[in-house]
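Take a look at the letters that make up each chain.
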Amino acid sequence: MFSSIWKRYGARGIVWNVLLKVAGALSGLKHLQVHRMLARDVEAGDGADAAHGLIRELRYADFTAGADKDPARLTPDCLAQLQRRFGQPGYLCFGCVEQGVVAAYGWISLNVFPRTDKKLKPADGVLFDDYTNPAFRGLHRGLIDYRLRQLAAHGKTRALAFVDIYNRASYRGFLVCGFRCVQRFVKYFRKGKEISKLRYE
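Scoring rules and cut-offs
Residues numbered from 1 in each chain as written. Predicted model: local features only at pLDDT ≥ 70, side-chain atom pairs only at ≥ 80, totals over all residues. Heavy atoms only, no water. Buried < 20%, exposed > 50% of the residue type's maximum accessible area, 1.4 Å probe, protein only. Helix = DSSP H or I, 4+ residues; strand = E, 2+ residues; numbered from the N terminus. Pairing = 2+ DSSP bridges. Contact = heavy atoms within 4.5 Å. Polar contact = N/O pair within 3.5 Å; in protein donor to acceptor, adjacent residues only side chain to side chain. Salt bridge = Lys/Arg side-chain N within 4 Å of Asp/Glu carboxyl O. Right-handed = clockwise from strand over helix to strand, strands pointing away.

Draft legend 1. Structural detail: the pairing of strand β4 (residues 101-109). Burial analysis of β4 places nine of its nine residues in the buried class, which makes it a mostly covered element. As consecutive antiparallel partners, strand β3 (residues 91-98) and β4 are separated by two residues, and within that stretch Q99 has a phi angle of approximately 55°, a positive value. In this sheet, strand β5 (residues 124-132) lies alongside β4 in antiparallel orientation, the contact comprising five bridges. In the strand pairing of β5, I108 is matched with L127.

Draft legend 2. Molecular detail of the environment of Y105. By secondary structure assignment, the location of Y105 is in strand β4. Setting aside chain neighbours within four positions, we find Y105 in contact with L58, F63, R73, C93, F94, G95, D129, D130, Y131 and L143. Polar side-chain contacts of Y105 include one of 2.8 Å to the side chain of R73.

Draft legend 3. Representation of the environment of H140 within the structure. The topology assignment puts H140 in helix α4 (residues 140-153). Considering only alpha carbons, one finds H140 and A104, 36 residues apart in sequence, at a separation of 7.4 Å. A distance of 2.8 Å separates a polar atom in the side chain of H140 from a polar atom in the side chain of D130.

Draft legend 4. Just the pattern of salt bridges, in detail. For the structure shown, the criterion picks out five salt bridges. Taking the shortest distance from any N to any O, the salt bridge between D124 and R158 comes out at 2.8 Å. Placement of the pair is D124 in strand β5 and R158 in strand β6 (residues 158-164), with a sequence separation of 34 residues. A relative accessible area of 26% places R158 in the partly exposed class.

Draft legend 5. Fine view of the pairing of β5. Of all the nine residues making up β5, seven are buried; the element is thus mostly covered by neighbouring parts of the structure. Judged from the four bridges that link them, β5 and β6 form a sheet pairing that is parallel. Its bridge partner being in β6, V126 is matched across the sheet by L160. This β-α-β element, β5 to α4 to β6, shows right-handed connectivity.

Listed below in structure tokens is the structure:
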């Protein structure tokens, strides 16, 4: 477990995550986080050559079928959130199932910024909530490429993505796939409502 956290965040990331938790506790802000917003252009054929033969569109049943094999991730709260999201228009989930468990998955949003009511520009789509089971590392880049292809198929010409500023493994994966950082922003919860200082014009 610790080695997985170390690979993802590194020493500086772990220290800053602890400091953010302390700052959040002292200020009364829950889940205080700093994120990068990344962007890249999308073109027809993006991801066409990626090794993603096992990646497909996922359904809610894919998660419930293997929930007992990944209880640390697929908690009742996580499953409830997934069920709500599957019922929302414009949200699509892609990933792969290995040995009866969802080994990796990630979402795209075609209409709005995730977890907000802010509408996207017609040309924009968002990649978000990427997850790879530690036992199946190495799938992330294929998952990014596959979703770029999906955005192109839906007529999108720009992809946006959000990464915890200290998640160096995820950040490197997006950079390799052609993304660049366009801004940093703070996100937190206050009185049960998510507040994001994201600038999107």
